[in-house]
Amino acid sequence: MIQPVSMTVEAGLAAEQALLAAVCAGEQEFGLLFWQPSDRALVMPRRLSRLPTFEAASRVSADAGWPVLLRETGGEPVPQSAATVNIALVYAPPRSEGDQGRIETGYQRLCQPICDLLIELGGDASVGEIDGAFCDGRYNVNLDGRKMVGTAQRWRQIGGRPVGLVHGALLLDNDREALIAAVNRFNEACGLEQRVRADSHIALHEAFPAPDAISRLDTLYRQMLASFLPV
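Sequence order as written defines the numbering, with residues in each chain counted from 1. Local features in this predicted model are restricted to residues whose pLDDT is 70 or higher, and side-chain atom pairs enter the listing and the counts only when it is 80 or higher, whereas totals over whole chains, interfaces and linings include all residues. Water and hydrogen atoms were dropped before computing side-chain values, which therefore reflect all heavy atoms in the structure.

Naming follows an unreviewed UniProt entry, where the chain appears as Lipoate--protein ligase family protein of Pseudomonas asgharzadehiana.

As structure tokens, this is what we get:
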């Protein structure tokens, strides 16, 4: 049975960047990594670090046990803890696809295997925005109308060839109250208007035991990648 790799949040973010670099360098055709934090942190896009209130808000968060780390993908603050499993998918699309729709296709390739898993388990899977969710977006993966996975992506151009890191943060276990408190604490200290709600989220294990979920996702992603990558 495949299990996510346990590592600190800082190490996990570095591992994702190393995977992206390896595919960009042509050292491997694609990258697929499942990792689970061994500590906790509040991870946010680098653009927020330019806010004048960022440093003070980061100290408030760290004092509460949630140190702030920056990531290269976009979005909003995302809490990371042992309740979360991260999915990092790295690939270069076939040249035949062209560049139009690359972002949407990237999200579809990340989200569809998760939706397929949820449907197999008997859940109601959907993709879209959820009011009150942290880092809300059009490509949340939702279970029974509540956010379970947040998504983001970043692309590099290497010799005219795009290579993407498409990322999902899947809530595996119910730590919703602590996660929500971490986001709202930072947002308030930073002067950001957004407030999020625990009942807008759901963890996979709240709905299904799903002991083989990561193994099944690994299989589904590899099948999807094999459908368009050269063998």
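K.L.:
What am I meant to see in the UniProt feature "domain: BPL/LPL catalytic" (unreviewed entry) in the chain here?
P.N.:
UniProt positions are given in the numbering used here, feature names are shortened, and annotations may be inferred rather than shown by experiment. Following the UniProt record, the feature "domain: BPL/LPL catalytic" (unreviewed entry) maps to residues 26-229 here. Helix and strand definitions here come from DSSP, where helices need a minimum of 4 consecutive H or I residues and strands a minimum of 2 consecutive E residues; each element is numbered from the N-terminal end. Along residues 26-229 the backbone is 31% helical and 28% strand, and the end-to-end C-alpha distance reaches 13 Å.

K.L.:
What exactly am I supposed to notice about the state of the cysteines here?
P.N.:
Two cysteine sulfurs form a disulfide in these notes if their separation is within 2.5 Å. Enumeration according to the criterion identifies zero disulfides in this entry. Cys-135 forms no disulfide, and the closest cysteine sulfur to it belongs to Cys-111, at a distance of 13 Å. Here Cys-190 is not disulfide-linked; the sulfur of Cys-135 is the nearest cysteine sulfur, at 15 Å. In this scheme, a residue with accessible area under 20% of its type's maximum is buried, one over 50% is exposed, and one in between is partly exposed, where area comes from a 1.4 Å probe on protein chains only. Looking at Cys-190, the relative accessible area reads 5%, which means it is buried.

K.L.:
Just to check I follow, could you spell out the packing of helix H3 (residues 102-121) against helix H6 (residues 213-226) for this structure?
P.N.:
When two helices pack together, you describe them by how their axes are tilted relative to each other and by the distance separating the axes. Interaxial angle, 0 to 180 degrees, is taken between N-to-C directions of lines fitted to C-alpha atoms, where a helix line uses only the stretch in contact. The N-to-C vectors of H3 and H6 enclose an angle of 135°; their axes lie 9 Å apart at closest approach. The angle between H3 and H6 places the two elements in the oblique class. H3 and H6 meet at a crossing whose hand is right-handed. Contacts between H3 and H6 involve Arg-109, Leu-110, Pro-113, Ile-114, Asp-116, Leu-117 and Glu-120 from the first element and Ala-213, Arg-216, Leu-217, Leu-220, Tyr-221 and Met-224 from the second. By definition in this entry, angles of less than 35 degrees are roughly parallel, angles greater than 145 are roughly antiparallel, angles of 65 to 115 are roughly perpendicular, and the rest are oblique. Helix crossings fall into two classes, left-handed where the near helix is turned counterclockwise from the far one by less than a right angle and right-handed where it is turned clockwise. Should any heavy atoms of two residues lie within 4.5 Å, those residues are counted as being in contact.

K.L.:
Which parts of the structure should I look at to understand the nonpolar core?
P.N.:
Inside soluble globular proteins, nonpolar side chains tend to come together where they are buried. Residues Ile-87, Ile-114, Met-148, Leu-204, Leu-217 and Tyr-221 are the most contacted members of the largest nonpolar core, which totals 35 residues. Of all the secondary structure elements, the ones that give two or more residues to this core are strand S2 (30-37), strand S6 (84-91), H3, strand S8 (141-143), strand S9 (146-158), strand S10 (161-171) and H6. Filtering out sequence-adjacent residues up to four positions away, Ile-87 remains in contact with Leu-32, Leu-33, Phe-34, Leu-110, Ile-114, Val-166, His-167, Gly-168, Leu-170, Leu-217 and Tyr-221. As used in this record, nonpolar core signifies buried Ala, Val, Leu, Ile, Met, Phe, Trp, Tyr and Cys residues forming a set joined through side-chain atoms within 4.5 Å. Listed in part, the 20 residues of the second largest apolar core include Cys-135, Val-183, Cys-190 and Ala-203.

K.L.:
Is there a simple way to think about the sheet that holds S10 in this case?
P.N.:
The strands making up a sheet associate through hydrogen bonds between their backbones, and the pairing can be parallel or antiparallel. In this description, strands pair whenever DSSP reports at least two bridges between them. Reading across the sheet, the seven strands line up as S1-S2-S6-S10-S9-S8-S7 and stay open at both edges, with mixed pairing between neighbours. Strands with a single pairing partner mark the edges of an open sheet, and in this sheet they are strand S1 (5-7) and strand S7 (125-127). Neighbour-to-neighbour, the strand axes of this sheet turn through a mean angle of 25°, independent of strand direction. Pairing of S6 with S10 involves eight bridges; the strand directions are antiparallel. Across the sheet, Tyr-91 pairs through a bridge with Gly-164, a residue of S10. Sitting on the sheet, helix H1 (residues 9-24) is in contact with S1, S2, S6, S9 and S10, with an inclination near 180° to S2. Sitting on the sheet, H6 is in contact with S2, S6 and S10, with an inclination near 160° to S2.

K.L.:
Looking at this structure, how should I read unusual backbone geometry?
P.N.:
Leaving glycine aside, a negative phi is the common case for residues, and trans is the common case for peptide bonds. Located in the positive-phi region is Cys-135, a residue other than glycine, with phi close to 45°. Within the secondary structure layout, Cys-135 lies in the loop between S7 and S8. The class for Cys-135 is buried, based on a relative accessible area of 9%. Not every positive phi belongs to a glycine, and Asp-144 is a case in point at roughly 55°. The topology assignment puts Asp-144 in the loop between S8 and S9. According to the relative accessible area criterion, Asp-144 is partly exposed, its value standing at 42%.

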